[in-house]
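# What the coordinates show
Read off the chains here:
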Amino acid sequence: MLWRMARRGWGEDAVYWVARRKRYVGAASLGYGPDGRRVRRVVSGKTKQEVKDKLRALREELARSVRAPRDYTLRLAVQDWLSDGLDGRSPQTVAKYRNVLKPVLHDLGGKTLAELSAADVRTALARFAGTHSTETVRIARLGLERAIRYAEANDLVARNVAALVDAPKGGDGRPSKALSPEQAAALLQASRRPRPGQQITGRPRAPSLMHAYIVLCLLVGVRTEEARALRWDRLDLAGQPGADPPVPPSVAVWRSVRAHGDTKTSRSRRTLGLPRLAVEALRDHRESQD
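Residues numbered from 1 in each chain as written. Predicted model: local features only at pLDDT ≥ 70, side-chain atom pairs only at ≥ 80, totals over all residues. Heavy atoms only, no water.

## A word on the overall build of the protein
Along its length, the protein carries 9 helices and 6 strands. Expressed as a percentage of its 290 residues, the buried residues of the protein come to 35%. Within the protein, contacts between residues separated by at least 24 positions form 53% of all contacts whose residues are at least 6 apart in sequence. A total of about 18900 Å² of accessible surface is found on the protein, and carbon and sulfur atoms cover 50% of it. (Helix = DSSP H or I, 4+ residues; strand = E, 2+ residues; numbered from the N terminus. Buried < 20%, exposed > 50% of the residue type's maximum accessible area, 1.4 Å probe, protein only. Contact = heavy atoms within 4.5 Å. Areas by Shrake-Rupley, 256 points an atom, 1.4 Å probe, with all protein chains shown as cover.)

## Overview of helix α3 (residues 91–108)
Helical geometry: 3.6 residues make up each α-helical turn, so side chains three or four residues apart lie on a common side. The end-to-end C-alpha separation of α3 is 24 Å, in line with the 26 Å expected for 18 residues at 1.5 Å each. The largest bend in α3 is about 45°, located at lysine 102, with the proline proline 103 one to four residues further on. Within α3 the residues assigned to the buried category are Thr93, Val94, Tyr97, Val100, Leu101, Val104, Leu105 and Leu108. Packing partners of the buried residues in α3 comprise α2 (74–84), α4 (118–129) and α5 (134–153). (Expected span 1.5 Å × (residues − 1). Bend = angle between axes of the 7 residues up to and from the residue.)

## Some remarks on the sheet that holds strand β6 (residues 270–273)
Strand order across the open sheet formed by 3 strands is β4-β5-β6, with antiparallel pairing between neighbours. Edge positions in the sheet fall to β4 (235–236) and β6, since each has one partner strand and no second. With 4 bridges joining them, strand β5 (residues 250–253) and β6 adopt antiparallel strand pairing. Within β6, the position partnered with alanine 252 by the bridge is threonine 271. (Pairing = 2+ DSSP bridges.)

## Looking at the layout of surface pockets
Here the largest pocket defines a volume of roughly 890 Å³. At the level of secondary structure, the elements contributing two or more residues to the lining of the largest pocket comprise β3 (38–45), α1 (48–63) and α4. For the lining of the largest pocket, the leading source of residues is α1, giving 7 residues. Broken down by class, the residue content of the lining of the largest pocket amounts to 15 nonpolar, 4 polar and 13 charged. As for the second largest pocket, its lining consists of 19 residues, and the residues nearest its centre are Arg89, Thr93, Arg258, Lys264 and Thr265. Of all the elements in the fold, those that place two or more residues in the lining of the second largest pocket are α3 and α5. Broken down by element, the residue count for the lining of the second largest pocket peaks at 5 residues, all from α5. Its residues assigned to classes, the lining of the second largest pocket comprises 4 nonpolar, 7 polar and 8 charged. (1 Å grid on protein atoms, 1.4 Å probe; cavity = no way out; pocket = protein on both sides within 12 Å on 5 of 7 lines; lining within 4 Å. Points joined across faces, edges and corners; volume = space filled by probe spheres on them. Nonpolar A, V, L, I, M, F, W, Y, C, P; charged D, E, K, R; others polar.)

## Remarks on the packing of aromatic side chains
The description of an aromatic ring pair uses the distance of the two centres, along with the angle that the planes make with each other. One pass over the full model with this rule turns up 2 aromatic pairs. Considering the side-chain rings of tryptophan 17 and tyrosine 24, the 4.9 Å spacing of their centres and the 65° angle between planes classify their relative orientation as edge-to-face. With a relative accessible area of 23%, tyrosine 24 lands in the partly exposed category. Arranged with centres 5.2 Å apart and planes meeting at 70°, the rings of tryptophan 81 and tyrosine 97 form a pair that is edge-to-face. Of this pair, tryptophan 81 sits in helix α2 while tyrosine 97 sits in helix α3; the two residues are 16 residues apart in sequence, bridging distant segments of the chain. For the pair tryptophan 81 and tyrosine 97, a shared accessibility class is recorded, and that class is buried. Note that lysine 96 overlies the ring of tyrosine 97, its terminal NZ or CZ placed 5.0 Å from the centroid. Cation over ring: arginine 286 sits above tryptophan 232, and NZ or CZ is 4.8 Å from the ring centre. (Phe/Tyr/Trp six-rings, centres within 6.5 Å; stacked < 30°, edge-to-face > 60°. Lys NZ or Arg CZ within 6 Å of the ring centre and 35° of its normal.)

## Digging into the confidence of the model for the protein
Low pLDDT means the predicted atomic positions in that stretch should not be read closely. Per-residue confidence for the protein gives a mean pLDDT of 83, with 87% of residues at or over 70. When mean pLDDT is taken per element in the protein, α4 scores highest with 94 and strand β2 (residues 23–32) scores lowest with 80. Segment residues 1–10 is flagged for pLDDT under 50; beyond a separation of four residues in sequence, or across chains, it makes 4 contacts in the model. (pLDDT = per-residue confidence, 0-100.)

## What to know about empty space enclosed by the protein
Taken as a whole and assessed by the stated rule, the structure comprises 2 cavities of 30 Å³ or more. One number sums up the size of the largest cavity: a volume of about 60 Å³. Lining the largest cavity are Glu226, Ala229, Leu230, Arg231, Arg234, Ala252, Val253, Trp254 and Arg255. For the lining of the largest cavity, the per-class residue count stands at 5 nonpolar, no polar and 4 charged.

## With respect to the nonpolar core
With 35 residues, the main nonpolar core has Leu74, Leu113, Leu116, Val121, Leu144 and Ile148 as its most contacted residues. Secondary-structure elements contributing two or more residues to this core are α2, α3, α4 and α5. Here the element with the most residues in this core is α5; it accounts for 8 residues. Residues Val215, Val222, Leu235 and Val253 belong to the second largest nonpolar core, which totals 18 residues. (Core = buried A, V, L, I, M, F, W, Y, C linked by side-chain atoms within 4.5 Å.)

So this is what it looks like as structure tokens:
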């Protein structure tokens, strides 16, 4: 014979064609088990090169001591992350990720983390984007990335394929519920009216007690959950007009009624200037309390 097939060396991986499955199959030898039988990991693909790439990734995974169960799927990874990886987050946040990821897991949930590829994630998100808004698609991709990162931190996967994918553009979100300038002016005017039966000594026409709350949220940019946790020691209604440069009246936003009493994020802790209308409304509100 002019050409002779060389025998596969000791410990080398095998790649062969399986006609019944119409796929290439690769087998990696991992030594022997306690019963003396050879331990092998098997991968498959449509092309020989795809199988070789999977075998190479498998070897790299083994070299990094990643020991993921063969049946550890993306669905299980997401469940573990939602159960244990969102410590300190509110139940509403957990429910949001669970609901957003549900249709994505319908496509990808059965794939094991060892088999999941960036192309799989990209395809599933593209399908998801056909029926959801761009913001919802972004949340879904972020949820996948964080769930796989949690598995990665627990040595259940070698790399985070979701981090390699950008969120595709989805449809338009729901119509904005923001007030128009005319609606905002009408709301401020209505909130100035006292409630029926409200009477403050010497101030028969004092605004409603909700007026200061509405002014803070509408004109200053304080979130409603931040306004409900606001204390008087966080307000400076005088400012320092004689300073150089002058310091306007301000509100220090450091708390909210969210879980643990903190703001939405650490960057949400901020100091905001108060316009004249807000200062007047807060002074009236304090006098009403006194």
